[in-house]
Amino acid sequence: MLKIIIPTIMLLPLTWWSKPSMLWINTTSYSFLISIITLFSLHNHNDATHNFSTLFFTDQLSTPLLILTSWLLPLMLIASQNHMSKETVVRKKLFISMLVTLQVSLIMTFSAAELMFFYILFEATLIPTLIIITRWGNQTERLNAGVYFLFYTLVGSLPLLVALMVKRNQLGSLNIMLLMFNSPPLNPSLTNQLMWLACMMAFMVKMPLYGLHLWLPKAHVEAPIAGSMVLAAILLKLGGYGMMRLTIILNPTSIDMAYPFILLSLWGMVMTSSICLRQTDLKSLIAYSSVSHMALVIAAIMIQTPWSFMGATALMMAHGLTSSLLFCLANTNYERIHSRTMLLARGLQSILPLMATWWLLASLTNLALPPSINFIGELYIIISSFSWSNFSIILTGINMLVTALYTLYMLIMTQRGSMSHHMKTLLPTFTRESTLMTLHLIPLILLTMNPKFIMGHLY
Amino acid sequence: MFRRVLQLGLGPGRLTRGLGTRRGSFTLDWEAQVLEVKKKLRSILPGEPLELHDTSHLPPEHSDVVIVGGGILGLSVAFWLKKLEKKRDAIRVLVVEQDHTYSKASTGLSVGGIWQQFSLPENIQLSLFSINFLRNINEHLAVVDAPPVDLKFNPAGYLVLASEKDAASLENKVRVQRQEGAKICLMSAEQLQNKFPWINTEGVALASYGMEDEGWFDPWSLLHGLRRKVQSMGVLFCQGEVTREKAFLPSSTGDMKPRGVWVKMDNSLEYQPVECAVVINAAGAWSGQIAELAGIGNGPPGTLQGTKLPVEPRKRYVYLWHCPQGPGLEAPLVADTSGVYFRREGLGSNYLGGCSPTEEEEPDPANLEVDHDFFQKKVLPHLAQRVPAFETLKVHSAWAGYYDYNTFDQNGVVGPHPLVVNMYFATGFSGHGLQHAPGIGRAVAEMVLQGGFETINMSPFLFSRFYLGEKLQDYNIL
């Protein structure tokens, strides 16, 4: 694992000692190289885990997320070049340092072998994200957004700290591999139920669960593009990953306690999809769509069957790429028209046809068109929730319909129709932007061919 | 409060703190320590200081549409933008107005007439739409818990007098007006004498009189009613101006369209950048300046880049006089053959009117001072000749206001500029902007939201006619 962490940490001296003209080139190219190293952990003998040390390990659940994290850093750098071009060199370097710090914490989080280590790094990811949102966001509302983001997540995760310490005292060690064999079944008492809640709430807020999702539209909308990308693609998945790891020690309390949360997430999935239909702000629409997809993931993780876990990991990976791609597309709109309102940016297909292709592909993957990995994830989750309860098919069916509705609404509003007059002199698509979109789409398409990599550890 | 607690807490123990402490100060000295930390941070980090200023009085840093000019046209565009947006709060609008007392704005100083007797069909349609809007004003401008808008509309009609040589063109015009649906009647000199006995019909061959939907109303009530309604719909207002020093945020892509507007706050040196997608130039008499600041007209003359917006302020005087033997309550808004106009004002035998000066006698628009000699020399003789009762009038007061005068063809400019693509105009109506304001607002809002004119086709009013040289002549401009 050090072979990934040390180069990522060394990206910091790289940014500070680069010549200003080579700043973006250096950081982007070296972060690409680092992402190739992470691909090596995909090689798995007999479904065993890679135990790098007592602190770091990867298995088929964390490897795809790790690869996604390291793949996303160069993409974030590519996406930020335009809006950072007006800043001074010191500020640019500060921004990149924030991204790299966040990257280090994320890599260590996903490869953490011990739950306490995981928790510390989970909290550590909050600070660089907060700085990115509040310092480099666009509107005055970003301060409010940062506060919401920080305090929702923090308050949710404090009980987790207490619960982890209690568990360590009980079990002697919080090493995930040991926990798989070591954890005793919990008896059904109020204490254990509260402990279940304490463990899960942090990740529920992070995912986010429908009732606790208020921070997400604010944070996603007010963050700069790199912030939105990392939030949507990775930070939400921290919640899912944490939940999957923690369910090992929480049986059999999960069977009863999970019930209200499955209901809440199934209902919230339909609610947030419907809200998307009424959104006028493009980024806000994509943010609510993230909540909706993640609600499916929460439901799946709570159900805890092999199929649902496979669906959850597949959907997490697919959503990471798709959501990040949609945010990048919305950002290209914003940089040209300086407004996020969809009404003012219509009919783009006639002037930017290549960008329309990317919009189309992103929309198709977002609405879970077969055979994309989004579809595989959603299908597995819907099947497992049907087996959990027959009635849930109504809600998940409605959700698939409404997802298709709002995705197509977004596509048609921005791409089709007649152009507004004030868009006649838009700049054509930059190669950098098209590169960014292809780098999102190529993994999506390749994984469609061979999705077993993202199916998680229960495949 | 915290300090006082500390003072009380540390007070009795002062003797034990040693002889180094002075009376009246205490070791914690919070503010000085904060200042020291701030100074240190400022020396380490370059760039702006760390203080958080209170910015609640400033406009927001981002808005989708910025309307420069908060008079009747600007407010009408804001109203229709909010009315035609398909979802609530879909579009954020900011109206920048330099003077919230509207002391120099043309709206408040206007005579307030409305008539359909134009020669361009689009102007007639605009008037018909506007009178419909004004008749049903409380359906459009109703705000919860606020009193209804009373426009004080006097439907007395508009009377145009034509001499022999203009009689034929007047007849043609009335035919066009009747085709569009206006109800105008043509009267010969005897019929005119029968209808209005106080008129001296010498020199009048033909007169056209609007039977319905013409007259005058109170522009202030419309302005404030619109303002109230627009604020309730969520439009933000700010008192500031777009000045010469810093006007528009330059585009990051190097082309002509501004990325936003610099608003200089009123009575201060503070500038606030407002990033926006669309700028609407509804600045009335000052629209020419605003267009110049956006780069319209910077180019070799004769090219599209070099075509300026030909709107400039022209000063017009309005005189209010008292004449007890005057025409009475039935007097319409009368436009004489000589270009002099007058109308009744109120119920106490007061009248107001004026005249457009010829090109040579144009007064200096630098200030709004009234020239009373102009009345005596140019207006009174024609007035007295047309209405003999006005020989004994006594001038009560007078004021001056600006026309946003379009030097090209005295008709408005509506719609986007072909090169500076995100600047839309709603200006240049040279004296009849107020009566067409609802229609113009709707046309501009349709252009912004839907990409074209949907209801009234205002494409003859686009900016490109200045470059192509096609004049939109509408005769009989007061």
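Keep in mind that this is a model prediction, so the values were computed, not measured.

J.: I would appreciate a short explanation of the overall build of chain B in the present structure.
T.: Along the backbone of chain B there are 12 helices and 19 strands. Evaluated residue by residue, chain B yields a buried proportion of 52% over its 478 residues. Counting only contacts in chain B whose residues sit at least 6 apart along the sequence, the fraction spanning at least 24 positions is 74%. For chain B, the distance from the average position of its 46 positive side-chain charges to the average position of its 52 negative side-chain charges is 9 Å.

J.: How should the nonpolar core be read in this particular structure?
T.: For soluble globular proteins, the rule of thumb is that nonpolar side chains tend to be buried together. With 214 residues, the main nonpolar core has A:L246, A:M302, B:I67, B:L81 and B:I280 as its most contacted residues. Those residues within four positions of B:I67 in sequence are excluded, and the remaining contacts are B:G74, B:V77, B:A78, B:L81, B:V93, B:L94, B:V95, B:V96, B:I280 and B:A282. With 30 residues, the next largest nonpolar core counts B:M187, B:A207, B:Y317 and B:L380 among its residues.

J.: Explain the interface of chain A and chain B to me, please; I cannot follow it from the model alone.
T.: Frequently, the measure chosen for interface size is the accessible area removed from exposure when the parts meet. Contacts between the two partners involve 28 residues from chain A, matched on the other side by 31 residues from chain B. Buried area between chain A and chain B, both sides added, is near 2400 Å², and the carbon and sulfur share of it is 51%. Our count for the chain A to chain B interface comes out at zero salt bridges. Connecting chain A to chain B are four residue pairs in polar contact (both at pLDDT 80 or more). In terms of residues, the side of chain A that touches chain B owes the most to one element, helix α14 (residues 306-337) of chain A, which gives three residues. Each residue belonging to the side of chain A that touches chain B can be placed in one class, and the counts come to nine nonpolar, 12 polar and seven charged.

J.: When you look at the pairing of strand β8 (residues 236-241) of chain B in this model, what are you seeing that I'm missing?
T.: Across a regular strand the side chains alternate sides, sitting on one face of the sheet and then on the other. Residue and element names in this part refer to chain B. Looking at chain direction, strand β2 (residues 93-97) and β8 are connected through four bridges and run parallel. Bridging across to β8, E97 finds its partner in Q239. Note: β8 against strand β10 (residues 260-265), two bridges, orientation antiparallel. Along β10, the bridge assignment pairs E241 with K264.

J.: Whenever I open this one, the packing of aromatic side chains confuses me. Can you help?
T.: Where two aromatic rings form a pair, the distance of their centres and the angle of their planes describe that pair. Within the structure shown, the criterion is met by 37 aromatic pairs over all chains. Where A:F95 meets A:W136, the ring centres are 4.9 Å apart and the plane angle is 75 degrees; that geometry is what we call edge-to-face. A residue pair is termed long-range when its members are at least 10 positions apart, and A:F95 in helix α4 (residues 89-110) and A:W136 in helix α6 (residues 126-136) qualify at 41 residues. One aromatic cluster is present, formed by B:F196, B:W198, B:Y209, B:Y317, B:Y319, B:W321, B:F342, B:Y351, B:F374, B:F375 and B:F390 through successive ring pairs. Positioned over the ring face of A:F453 is A:K452, at 5.5 Å from the centre of the ring.

J.: Whenever I open this one, helix α3 (residues 72-84) of chain B confuses me. Can you help?
T.: Each full turn of the α-helix corresponds to 3.6 residues, which orients residues three or four apart in the same direction. An ideal rise of 1.5 Å per residue puts 18 Å on 13 residues; α3(B) measures up with 18 Å between its terminal C-alpha atoms. Those residues of α3(B) that fall on the buried side of the exposure criterion are B:I72, B:L73, B:G74, B:L75, B:S76, B:V77, B:A78, B:F79, B:W80, B:L81 and B:K82.

J.: Help me understand the confidence of the model for chain B in this model?
T.: The predicted coordinates of low-pLDDT regions are not to be read in fine detail. All names here are of chain B. Averaged over every residue, the pLDDT of chain B is 86; the share at 70 or more is 91%. A low-confidence stretch, residues 13-22 (pLDDT under 50), is modelled with six contacts involving residues beyond four sequence positions or located in other chains. Note on the complex model: pTM 0.83, ipTM 0.76.

J.: I would appreciate a short explanation of the packing of helix α3 (residues 62-80) of chain A against helix α11 (residues 225-246) of chain A in the present structure.
T.: Each pair of packed helices can be summarised by the angle the axes make with each other and by the distance between the axes. All names here are of chain A. Put simply, α3 and α11 touch, their axes get as near as 9 Å, and they point 170 degrees apart. For the element pair α3 / α11, the angle class is roughly antiparallel. For the pair formed by α3 and α11, the contact residues are S62, L65, L68, T69, L72, L75, M76, A79 and S80 on the first element and I225, A226, M229, V230, A233, I234, K237, Y241 and R245 on the second.

J.: Can you walk me through the sheet that holds strand β13 (residues 311-322) of chain B in this structure?
T.: Within a beta sheet, neighbouring strands are joined by backbone hydrogen bonds and run either parallel or antiparallel to one another. All names here are of chain B. Taken together, eight strands build an open sheet; the order of strands is β5-β6-β4-β14-β15-β16-β13-β17 and the sheet is mixed. Each edge of the sheet is formed by a strand with only one pairing partner; in this case those strands are β5 (184-188) and β17 (394-406). For this sheet, the mean inter-axis angle between neighbouring strands, taken without regard to orientation, is 20 degrees. As paired strands, β13 and β17 are joined by 12 bridges and run antiparallel to one another. Among the inter-strand pairings, Y319 is bridged to a residue of β17, identified as A398. On the sheet, helix α6 (residues 164-180) packs against β4 (158-162), β5 and β6 (206-210) and is oriented at approximately 155 degrees with respect to β5.

J.: Help me understand unusual backbone geometry in this model?
T.: The phi torsion of most residues other than glycine is negative, and most of the peptide bonds are trans. Going from A:M207 to A:P208, the amide bond is cis rather than trans, its omega being -5 degrees. Within the secondary structure, A:P208 is located in the loop between α9 (190-206) and α10 (215-222). One non-glycine residue, B:K152, adopts positive backbone phi at about 50 degrees. Among the secondary structure elements, B:K152 is positioned in the loop between α5 (137-140) and β4.

J.: Looking at this model, I keep getting lost on the packing of helix α4 (residues 121-135) of chain B against helix α11 (residues 433-450) of chain B. Mind explaining?
T.: Residue and element names in this part refer to chain B. Between α4 and α11, the shortest axis-to-axis distance is 7 Å and the interhelical angle comes to 100 degrees. The angle between α4 and α11 falls in the class roughly perpendicular. Listed contacts from α11 to N123, L126, S127, F129, S130 and F133 of α4 are Q435, H436, A437, P438, G439, I440 and R442.

J.: Is there a simple way to explain α14(A) in this structure?
T.: Residues and elements named next belong to chain A. With 32 residues, α14 extends 46 Å from end C-alpha to end C-alpha; this agrees with the ideal 46 Å at 1.5 Å per step. Most of α14 sits inside the fold, with 30 of its 32 residues counted as buried. Looking one or two places after α14, you find H338, whose phi comes out positive at around 60 degrees.

J.: What exactly am I supposed to notice about a nonpolar patch on the surface here?
T.: Residue and element names in this part refer to chain A. On the surface, Y30, L33, I36, L39 and F40 cluster together into a nonpolar patch covering about 530 Å² of accessible area. Tracing the sequence through the fold places L39 in the loop between α2 (23-38) and β1 (50-51). Relative accessible area serves as the criterion here: at 43%, L39 is assigned to the partly exposed category.

J.: When you look at the pairing of β2(B) in this model, what are you seeing that I'm missing?
T.: All names here are of chain B. For β2, a buried count of five out of five residues is recorded, marking the element as mostly surrounded by other parts of the structure. Taking every second residue as pointing to the same face, both faces of β2 are buried, with V93, V95 and E97 on one and L94 and V96 on the other. In this structure, strand β1 (residues 65-68) lies alongside β2, joined through four bridges in parallel fashion. Paired with I67 across the strands is V95, a residue of β2.

J.: Is there a simple way to think about the environment of A:N138 in this case?
T.: With respect to the helices and strands, the residue A:N138 is situated in the loop between α6 and α7 (142-171). Sequence-wise, A:N138 and A:A223 are 85 residues apart; in three dimensions their C-alpha atoms are separated by 7.1 Å. Setting aside residues no more than four positions away along its own chain, A:N138 makes contact with A:E222, A:Y334, B:E61 and B:H62.

J.: What's the story with the side chain of A:Q103 in this structure? I'm lost.
T.: Residues and elements named next belong to chain A. Within the secondary structure, Q103 sits in helix α4. Here Q103 falls in the buried class, since its relative accessible area comes to 3%. A polar contact of 3.1 Å, which involves the side chain of Q103, links it to the backbone oxygen of T69. The residues touching Q103, leaving out its near neighbours within four places in the chain, are T8, T69, S70 and L73.

About the criteria used
Residues numbered from 1 in each chain as written. Chains lettered and ligands numbered in written order. Predicted model: local features only at pLDDT ≥ 70, side-chain atom pairs only at ≥ 80, totals over all residues. Heavy atoms only, no water. Helix = DSSP H or I, 4+ residues; strand = E, 2+ residues; numbered from the N terminus. Buried < 20%, exposed > 50% of the residue type's maximum accessible area, 1.4 Å probe, protein only. Contact = heavy atoms within 4.5 Å. Lys, Arg positive; Asp, Glu negative; His and termini not counted. Charge placed at Lys NZ, Arg CZ, Asp CG, Glu CD. Core = buried A, V, L, I, M, F, W, Y, C linked by side-chain atoms within 4.5 Å. Buried area = accessible area lost by both parts, 1.4 Å probe. Salt bridge = Lys/Arg side-chain N within 4 Å of Asp/Glu carboxyl O. Polar contact = N/O pair within 3.5 Å; in protein donor to acceptor, adjacent residues only side chain to side chain. Nonpolar A, V, L, I, M, F, W, Y, C, P; charged D, E, K, R; others polar. Pairing = 2+ DSSP bridges. Phe/Tyr/Trp six-rings, centres within 6.5 Å; stacked < 30°, edge-to-face > 60°. Lys NZ or Arg CZ within 6 Å of the ring centre and 35° of its normal. Expected span 1.5 Å × (residues − 1). pLDDT = per-residue confidence, 0-100. Axes fitted to C-alpha atoms, helices over the stretch in contact; angles between N-to-C directions. Parallel < 35°, antiparallel > 145°, perpendicular 65-115°, else oblique. Patch = residues over 30% accessible without salt bridge, like charges linked within 9 Å, V, L, I, M, F, W, Y side chains within 5 Å. Areas by Shrake-Rupley, 256 points an atom, 1.4 Å probe, with all protein chains shown as cover.

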